[in-house]
Amino acid sequence: QVQLVESGGGLVQPGGSLRLSCAASGSILSINTMGWYRQAPGKPRELVASIISSGSTNVADSVKGRLTISRDNAKNAVYLEMNSLKLEDAAVYYCNAIVQPTGSQRQYRYWGQGTQVTVSS
C-alpha cells in the first residue's frame, strides 16, 4: 500500500507565499513522476506542475515564474513553492505520484487527500 500525505496549505493574502509538501510512504520500489494538481470550486482538476526523477519539470503556463516544483528522491517527497499568489490560485491542491510498488511489474497513479490553499485579503 502506498500513501501520499500533503501538508502546508493555509490562508494567505494576495502576493503572499506558501510551501506545500508531499511525502510518499509504503511499499515503494520506484517513483516516476510526481506532481501537483489543483481543483477550484466548480472547475475541473488541472495540472499545476510535475517533475520526473531526473528533475525535469513541466509547469502550467498560468503559474510559471511564481510556482516552483522540486523533489527529494531520497525522501520520496515533492514540494511546491508558491510565491506571488493570486486570488485565482485558491483551490484544493492534490499531490500525485506514479509509483511502482515493491513486487509489482506495473506502475500505478496515487493521489493525496488534498490540502486547501485560500488566497484572500
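Residues numbered from 1 in each chain as written. Predicted model: local features only at pLDDT ≥ 70, side-chain atom pairs only at ≥ 80, totals over all residues. Heavy atoms only, no water.

Enquirer: Please explain the environment of Cys 22 as it appears in this structure.
Expert: Mapped onto the elements, Cys 22 comes out in strand β3 (residues 18–26). Along the sequence, Cys 22 and Arg 71 sit 49 residues apart, while their C-alpha atoms lie 9.2 Å from each other. Excluding residues within four positions of it along the chain, Cys 22 makes contact with Leu 4, Val 5, Glu 6, Trp 36, Asn 76, Ala 77, Val 78 and Cys 95. (Helix = DSSP H or I, 4+ residues; strand = E, 2+ residues; numbered from the N terminus. Contact = heavy atoms within 4.5 Å.)

Enquirer: Would you mind going over the nonpolar core with me for this structure?
Expert: The tendency in soluble globular proteins is for nonpolar side chains to be buried as a group. Within the largest apolar cluster, 31 residues are counted, with the highest numbers of intra-cluster contacts made by Trp 36, Val 48, Val 78, Leu 80, Met 82 and Tyr 93. If sequence neighbours within four positions are ignored, Met 82 has contacts with Gly 16, Ser 17, Leu 18, Leu 20, Arg 66, Leu 67, Tyr 93 and Val 117. (Core = buried A, V, L, I, M, F, W, Y, C linked by side-chain atoms within 4.5 Å. Buried < 20%, exposed > 50% of the residue type's maximum accessible area, 1.4 Å probe, protein only.)

Enquirer: Looking at this structure, I do not really get the sheet that holds strand β8 (residues 77–82). What am I missing?
Expert: In any sheet, the strands associate via hydrogen bonds between backbone groups, in a parallel or an antiparallel arrangement. One open sheet holds the four strands; their spatial order is β1-β3-β8-β7, and the pairing between them is antiparallel. Where the open sheet ends on each side, the last strands, each with one partner, are β1 (2–7) and β7 (67–72). Taken pair by pair, the neighbouring strands of this sheet meet at an average axis angle of 15°, ignoring direction. In this sheet, β8 lies alongside β7 in antiparallel orientation, the contact comprising six bridges. Its bridge partner being in β8, Asp 72 is matched across the sheet by Ala 77. (Pairing = 2+ DSSP bridges. Axes fitted to C-alpha atoms, helices over the stretch in contact; angles between N-to-C directions.)

Enquirer: Would you mind showing me how to read the environment of Ala 60 here?
Expert: By the element assignment, Ala 60 lies in the loop between β6 (57–59) and β7. Separated by 17 residues in sequence, Ala 60 and Ala 77 have C-alpha atoms that sit 20 Å apart. Not counting residues up to four positions away in its chain, the partners in contact with Ala 60 are Leu 47 and Val 48.

Enquirer: Whenever I open this one, unusual backbone geometry confuses me. Can you help?
Expert: Across the chain, the bulk of peptide bonds are trans and the bulk of non-glycine residues have phi less than zero. In the Ramachandran plot, Asn 76 falls in the positive-phi region, its phi being about 50° despite a non-glycine side chain. Within the secondary structure, Asn 76 sits in the loop between β7 and β8. Residue Ser 84 is not a glycine yet carries a positive backbone phi of 50°. Tracing the backbone shows Ser 84 in the loop between β8 and β9 (91–101). The class of Ser 84 is partly exposed, set by a relative accessible area of 41%.

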